Amino acid sequence: MTCIIAFYHCNYSGEAVSPFDRRANSLIDSTAETVAFAAMCWFFSISGFLLFRNLTFKNYAEKLKKRTFSLLLPYFIWQIASFALIIISALIRHAHTAPKELIRGFIDGVFLMKSWPPNGALWYLYALFLLTALSPVLLLLFKNKKVGWIVAAALTVLIYRLNYTDNLINQYVFSYGYVKLIITYFPSFILGAFMGHFSENSDGTDKIKYILFLLSVSIVFESAYPGMVRDCLVRVLPILLLYFMPTVSALDDRKIYRLSFLIYAIHQPLLEIRRLLLPIVSRLPYAFCANLALRILFVITVIAAAALIRFVLGKLAPKLLKAVTGGRS
């Protein structure tokens, strides 16, 4: 899923040479967008699942403390590092920006969600920490299993309705920075949270009725909110994968999994590498071939860079490696 996000962000803007090339190129772009949506649903669902598994009011402070280390600390480290790179780049290009504007932009992006932070892809970490801080509200709703699921389904429909209508929330809340993006993925988070909270001694079969209920609700509202069935299917996919995907022993505990956070953290700053890769892929006869090759080469490059960073920091500064990855290395 992490590599899918890197694949999606590495877009290609070359011109197609024929109608077929144009359609094929558009198919690659739309497929990348669709699977990226599935990947973000996975991130939010599984994060909600892991947070609410065994979560109680008694251990809430402990879980919040752990998320401070695994989410907030690496978020700030990477944002400060990315901000420093932006300033250095501006100085090299002799681009002068007022210090007040730079500081205001940093605060707006890193703390206030008014704009993208310097390392934009990591908005997810900050959003997840805020959702963790607000998790006691969901704990209250989950005191009753049926009520909790009805609320989860109702919030899913409500969010779709707010997106489709002209209302004050849409005008003043959804229009603020990337808040709309957080709200868009919130149904995935609450779905994972519900499943995680009631996951003890469960093999997943008892969850089928809840998934079918949510899909049935989405079918009822599909005519009013086109695309709701598709989105609901994508949102329940993480739970279906988690419980019912066959276990492949060859994929257990692979070393590359330790690179996942670094891949996610560095892929956006490394998008500048596209300028070096474009001359290579531009030799291909069709735009869709260049598009696909560019994305694949970029992902391979990011994986290699993440492996190098992990190797160097692991040898020279293992504590720093642990901090910048939130303990995921």
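Anything mentioned here points back to the structure above.
Residues numbered from 1 in each chain as written. Predicted model: local features only at pLDDT ≥ 70, side-chain atom pairs only at ≥ 80, totals over all residues. Heavy atoms only, no water.

Caption draft 1: Seen up close, the pattern of salt bridges. The final tally for this structure, using the stated rule, is five salt bridges. Linking aspartate 206 and lysine 207 is a salt bridge whose minimum nitrogen-to-oxygen distance equals 3.3 Å. Note on aspartate 206: relative accessible area 28%, which makes it partly exposed. A residue is classified by how much of its surface remains accessible, and lysine 207, at 1% relative accessible area, is buried. A salt bridge links glutamate 272 to arginine 275; the nearest nitrogen and oxygen atoms lie 3.3 Å apart. There is no split in this pair, since glutamate 272 and arginine 275 are both exposed. (Salt bridge = Lys/Arg side-chain N within 4 Å of Asp/Glu carboxyl O. Buried < 20%, exposed > 50% of the residue type's maximum accessible area, 1.4 Å probe, protein only.)

Caption draft 2: Structural view of the packing of aromatic side chains. Per the counting criterion, the structure on display carries 29 aromatic pairs. Consider the rings of tyrosine 75 and tyrosine 126, whose centres lie 5.1 Å apart with planes at 10 degrees: the pair is stacked. Of the two residues, tyrosine 75 sits in helix α3 (residues 60-92) while tyrosine 126 sits in helix α5 (residues 123-133), which places them 51 residues apart along the sequence. Seen from their ring centres, phenylalanine 221 and tyrosine 225 are 6.1 Å apart, and the 10 degrees between their planes marks the pair as stacked. Among the aromatic residues, those joined into a cluster by ring pairs are Phe37, Phe43, Phe44, Trp116, Trp123, Tyr124, Tyr178, Tyr185 and Tyr264. We note arginine 295 situated over the ring of phenylalanine 7; from NZ or CZ to the ring centre the distance is 5.4 Å. (Phe/Tyr/Trp six-rings, centres within 6.5 Å; stacked < 30°, edge-to-face > 60°. Helix = DSSP H or I, 4+ residues; strand = E, 2+ residues; numbered from the N terminus. Lys NZ or Arg CZ within 6 Å of the ring centre and 35° of its normal.)

Caption draft 3: Looking closely at the side chain of threonine 2. Looking at where threonine 2 falls in the secondary structure, it is placed in helix α1 (residues 2-9). You can call threonine 2 buried: its relative accessible area is 14%. Apart from the residues lying within four places of it in its own chain, the contact partners of threonine 2 are Phe43, Ser260, Ile263 and Tyr264. (Contact = heavy atoms within 4.5 Å.)

Caption draft 4: Region of the structure containing the packing of helix α10 (residues 208-221) against helix α11 (residues 228-244). Where α10 meets α11, the closest approach of the two axes is 9 Å, and the angle between their N-to-C directions is 170 degrees. Here α11 runs roughly antiparallel to α10, going by the angle between their axes. Of the residues in α11, those in contact with Ile208, Ile211, Leu214, Leu215, Ser218, Ile219 and Phe221 of α10 are Met228, Val229, Cys232, Leu233, Val236, Ile239, Leu240 and Phe244. Its residues assigned to classes, the contact of α10 with α11 comprises 14 nonpolar, one polar and no charged. (Axes fitted to C-alpha atoms, helices over the stretch in contact; angles between N-to-C directions. Parallel < 35°, antiparallel > 145°, perpendicular 65-115°, else oblique. Nonpolar A, V, L, I, M, F, W, Y, C, P; charged D, E, K, R; others polar.)

Caption draft 5: Looking closely at the nonpolar core. One finds Met40, Phe52, Trp123, Tyr124, Phe189 and Met195 to be the most contacted residues of the largest nonpolar core, which totals 91 residues. Among the elements that make up this core, the one with the highest residue count is helix α2 (residues 19-52) (12 residues). Setting aside anything within four residues of it in sequence, one finds phenylalanine 52 in contact with Ser135, Leu138, Leu139, Phe142, Phe189, Ala193, Gly196 and His197. (Core = buried A, V, L, I, M, F, W, Y, C linked by side-chain atoms within 4.5 Å.)

Caption draft 6: Local environment of the side chain of asparagine 119. Among the structural elements, asparagine 119 can be located in the loop between α4 (99-110) and α5. Those residues in contact with asparagine 119, other than ones at most four positions away along the chain, are Trp78, Gln79, Ser82, Ala265, Gln268 and Pro269.

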